[in-house]
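# Summary of structural features
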Amino acid sequence: MEIQLWREILMPYDIAVKELIVKFEHLIYEHRSSGLYSPIEQVTGRVKTVSSILDKAQKKHIAIDEIEKRLVDIAGVRIICQFVEDIPKVVEIIRNRSDMEVVRERDYINHMKESGYRSYHVVVNYRVQMLTGEREIKVEIQIRTLAMNFWSTIEHSLQYKYKKNIPDHIREKLTNAANAVISLDQEMSAVRSEIMDAQNSFQIQANLVSNILNSIQNLYPLSNKREILKIQDEFYRIYEMDDIEQLTRFSRELDIIAEGYRAQSVPQE
Ligand code: 0O2
């Protein structure tokens with residue numbers, strides 16, 4: 001097939017991957033800016049290279065004109081979570097979305113592959129608006145923990161290096177490492193609530209500081225310089241106390257001050 005034709009074929013896949021990365025990143029943003037823990041830690045994506053598509057099609061005896069119908073991972077999105085417990089939550093979020101339809105699920109978390117590979121795979125139908133009209137394509141979403149991702153990235157590179165024939169002594173080490181990943185995820189799950197508490201208070205504090213700085217900035221055109229400097233000094237004093245309750249109180253006080261100025265500046269009829 002001509003290279004130009006491949007470009008055209010892969011265009012909707014490329015758009016789908018870009019759109020889905022933005023959508024899942026928005027989910028992270030929405031959780032964090034509402035002070036909620038995000039079950040999604042990171043999102044990446046890629047479109048399979050032409051040579052990798054051809055290799056896989058050949059291996060699976062798929063004819064060229066059947067590739068789009070039968071290869072479900074031309075477009076791939078990877079969602080990385082901190083904890084194993086986050087994975088079913090992400091799957092549920094995907095199942096409940098109206099902009100994608102789940103057509104296949106594979107649970108390699110509870111059914112680890114012989115290689116030691118663990119991940120949850122969801123294949124969705126996703127519609128892309130192209131210049132030429134709407135196209136529905138398949139996207140494979142892989143959901144896994146940071147630890148599972150570490151293992152699979154290393155193993156994938158070794159598969160590439162050894163052209164899928166990893167020597168036995170390295171395979172053995174990979175199997176040990178896969179078991180270590182299971183233990184690591186279990187250990188992390190055991191301290192999950194402590195880690196989440198720490199991360200939550202960090203996020204709440206970051207949101208509060210950002211609100212306070214916005215409020216101070218909004219006061220500049222409304223208030224006089226002396227008062228703003230007084231408010232800033234008060235903010236630094238409270239910030240050094242490292243006390244979320246004090247920051248919350250200060251943020252509320254600033255809202256009330258800003259509201260007062262706004263009321264004064266509304267033209268009277
Ligand atoms: P790449 O380079 O990541 O794109 P099927 O759909 O069941 O007919 P398929 O497509 O092999 O067959 O499905 P499966 O098993 O769900 O695997 C899809 C993808 O999961 C693979 O794509 C890998 O990305 C990943 N994967 C599956 N098994 C392994 C494994 O043992 N090790 C690693 N590191 N990744 C794995 P590709 O096309 O194989 O690779």
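Notes on the structure in this doc start here. Keep in mind it's a predicted model, so treat the numbers as computed, not measured. (Residues numbered from 1 in each chain as written. Predicted model: local features only at pLDDT ≥ 70, side-chain atom pairs only at ≥ 80, totals over all residues. Heavy atoms only, no water.)

### Thoughts on helix α5 (residues 146-161)
Test applied: Every helix listed is a DSSP run of H or I at least four residues long, and every strand listed is a run of E at least two residues long, numbered separately from the N terminus. A helix is expected to span 1.5 Å multiplied by its residue count minus one. Summary of the burial criterion: residues with accessible area below 20% of their type's maximum are buried, those above 50% are exposed, and those between are partly exposed, where the area comes from a 1.4 Å probe applied to protein chains only. In what follows, residue pairs with any heavy atoms lying within 4.5 Å of each other are defined as contacts.
Helix length check: α5 (16 residues) gives 23 Å between terminal C-alpha atoms against 22 Å at 1.5 Å per residue, within 8%. Along α5, the residues classified as buried are Ala147, Met148, Asn149, Trp151, Ser152, Glu155 and Leu158. Tucked inside the fold, the buried residues of α5 contact β2 (75-81), α4 (86-95), β5 (133-145) and α6 (168-190). Phi for lysine 163, located one or two positions after α5, is positive at around 50°.

### What to know about the site of the ligand
Spelled out, the test is: Whether a residue is near a molecule or strand depends on its heavy atoms: it is near if one of them lies within 4 Å of it. Using the Shrake-Rupley algorithm and a 1.4 Å probe, accessible areas are obtained, with residue cover drawn only from the displayed protein chains. Put simply, the grid is 1 Å and covers the protein atoms alone, a cavity is a trapped set of points that fit a 1.4 Å probe, a pocket is an open set with protein on both sides within 12 Å along at least five of seven lines, and lining residues have an atom within 4 Å of a point. Pocket occupancy is defined atom-wise: a molecule lies in a cavity or pocket when more than half of its atoms are within 2 Å of its grid points.
In the vicinity of the ligand, 18 residues are found, and the nearest of them are Lys48, Lys56, Lys60, Arg106 and Lys113. Within the complex, 79% of the 750 Å² of free accessible area of the ligand lies under protein. Structurally, the ligand is housed in the largest pocket. Take the shell around the ligand: its biggest share by element is 4 residues, from α5.

### What to know about the side chain of serine 251
Inspection of the secondary structure puts serine 251 in helix α9 (residues 244-265). Given the relative accessible area of 8%, serine 251 is considered buried. Here serine 251 is in contact with Leu208, Asn211 and Ile212, once residues within four sequence places are set aside.

### Considering the nonpolar core
Nonpolar side chains tend toward joint burial in soluble globular proteins. Keep this limit in mind: Joining through side-chain atoms within 4.5 Å is the link that ties buried Ala, Val, Leu, Ile, Met, Phe, Trp, Tyr and Cys residues into a set, and such a set is a nonpolar core.
Formed by 50 residues in total, the largest nonpolar core has its most connected members in Phe24, Ile79, Ile94, Val139, Ile141 and Ile143. Excluding residues within four positions of it along the chain, isoleucine 79 makes contact with Phe24, Ile40, Gln42, Val90, Ile94, Ile141, Gln142, Ile143 and Arg144.

### A look at helix α7 (residues 192-219)
The end-to-end C-alpha distance of α7 is 40 Å, a good match for the 40 Å that 28 residues give at a rise of 1.5 Å each. Along α7, the residues classified as buried are Arg192, Met196, Gln203, Gln205, Leu208, Val209, Ile212, Ser215, Ile216 and Leu219.

### Overview of empty space enclosed by the protein
Going by this rule: Grid points are joined across faces, edges and corners, and a volume is the space filled by probe spheres set on the points. Charged means Asp, Glu, Lys or Arg here, nonpolar means Ala, Val, Leu, Ile, Met, Phe, Trp, Tyr, Cys or Pro, and polar covers whatever is left, Gly included.
All chains considered together, the criterion is met by 1 cavity of 30 Å³ or more. Of the volumes computed, that of the largest cavity is approximately 40 Å³. Taken together, Gly116, Tyr117, Arg118, Met148, Trp151, Ala178 and Val181 make up the full set of residues lining the largest cavity. Of all the secondary-structure elements, those providing two or more residues to the lining of the largest cavity are α5 and α6. Classifying every residue of the lining of the largest cavity by side-chain character gives 5 nonpolar, 1 polar and 1 charged.

### A short note on the packing of aromatic side chains
The line we're drawing: For Phe, Tyr and Trp, where Trp contributes only its six-membered ring, two rings pair if their centres lie within 6.5 Å, and the inter-plane angle classes them as stacked under 30 degrees, edge-to-face over 60, or tilted in between. Two conditions define a charge sitting above a ring: the NZ of Lys or the CZ of Arg must be within 6 Å of the ring centre, and it must be within 35 degrees of the ring normal.
With the rule as written, the count across this model stands at 5 aromatic pairs. Between the aromatic rings of tyrosine 37 and phenylalanine 83, the centroid separation amounts to 6.5 Å while the plane-to-plane angle is 40°, which identifies the pairing as tilted. One end of the pair, tyrosine 37, is in the loop between α1 (3-33) and β1 (42-47); the other, phenylalanine 83, is in the loop between β2 and α4, with 46 residues separating them in the sequence. No difference in accessibility class separates tyrosine 37 from phenylalanine 83, as the two residues are buried. Aromatic ring contacts, followed pair by pair, group Phe235, Tyr236, Tyr239 and Phe250 into a single cluster. Here the basic side chain of lysine 113 rests over the ring of tyrosine 108, its NZ or CZ set 4.9 Å away from the ring centre.

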